[in-house]
Amino acid sequence: MSITRIGRHLLHHHWQLKRIFTPEVLARIEQAIAAGERTHAGQVRFVVEGALDGRPLWHNQPPRERALDVFSQLRIWDTADNNGVLIYLLLADRDVEIIADRGIHDRVGAEGWETICRAMEAEFRAGRFEQGVMQGIQAVSRELAKHYPPHAGETNELPDAPVVM
């Protein structure tokens, strides 16, 4: 367990999350997800968590493992075509993880998702959080559009609204 990481998470206050992801920014992210989903038959969720606390923090849960938990909690795996994708940002670690259901993951692969994550993290390091999220949503949507074109009369299986934890 890293004392530096614990300190970063304990000192990362909720106000920092609210300062970066204002209601206006969250509304634009929701609109970007909805626009992207009109180009494909997949489902995209964006979750931002300011910092870990409690059990995840004290057990030094890695961001990828936390993202898997969130993927499961939000039932992103429960889409008809197994094409749900979670974009998860752990703000205190400045870490992005993309968790994709098996249908789309088998087509894009870990390396494809990792490329998107690294590009987003580069934007975050430069302080461009909204731009980084938007680029990530667009990149994920492009991958989904390649493999899951939109269907006529398709329903939205998962909410488009970002989740702030």
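Just above sits the structure.
Note that the structure is predicted; figures quoted are calculated from it, not measured.

Enquirer: Help me understand the side chain of Asp-101, please; the structure alone is not making it clear to me.
Expert: Secondary-structure assignment places Asp-101 in the loop between β3 (95–100) and α6 (102–125). In this structure Asp-101 comes out as buried when scored by relative accessible area, which is 5%.

Enquirer: Please explain the pattern of salt bridges as it appears in this structure.
Expert: Between side chains of opposite charge, a pair can form as their charged atoms come close. Scanning the entire structure with this criterion turns up 9 salt bridges. Salt-bridge contacts for Glu-49 lead to Arg-66; the nearest nitrogen and oxygen are separated by 2.9 Å. Of the two residues, Glu-49 sits in strand β1 (residues 43–49) while Arg-66 sits in helix α5 (residues 63–73), which places them 17 residues apart along the sequence. A relative accessible area of 10% means that Arg-66 is categorised as buried. We note a salt bridge from Glu-121 to Arg-118, for which the minimum N-O separation is 2.6 Å.

Enquirer: So what exactly am I meant to see when it comes to the side chain of Glu-49 here?
Expert: Residue classification places Glu-49 among the buried positions, given a relative accessible area of 6%. Here the side chain of Glu-49 touches Arg-66 through a polar contact of 2.9 Å, side chain to side chain.

Definitions and limits used
- Throughout, residues of each chain are indexed from 1 in the direction in which the sequence is written.
- Local features in a predicted model are, by the rule used here, given only for residues with pLDDT of at least 70; side-chain atom pairs are given and counted only at 80 or more, and totals for whole chains, interfaces and linings are based on all residues.
- Hydrogen atoms and water are omitted, and side-chain values are computed over all heavy atoms in the structure.
- Numbering of helices and strands starts at the N terminus; helices are DSSP runs of H or I of at least 4 residues and strands are runs of E of at least 2.
- Any residue under 20% of the maximum accessible area for its type is buried, any over 50% is exposed, and the rest in between are partly exposed; the area is computed with a 1.4 Å probe on protein chains only.
- A carboxyl oxygen of Asp or Glu within 4 Å of a side-chain nitrogen of Lys or Arg is what we treat as a salt bridge.
- What qualifies as a polar contact is a pair of N or O atoms within 3.5 Å, subject to a donor-acceptor requirement within protein and to the restriction that residues adjacent in sequence count only when both atoms come from side chains.

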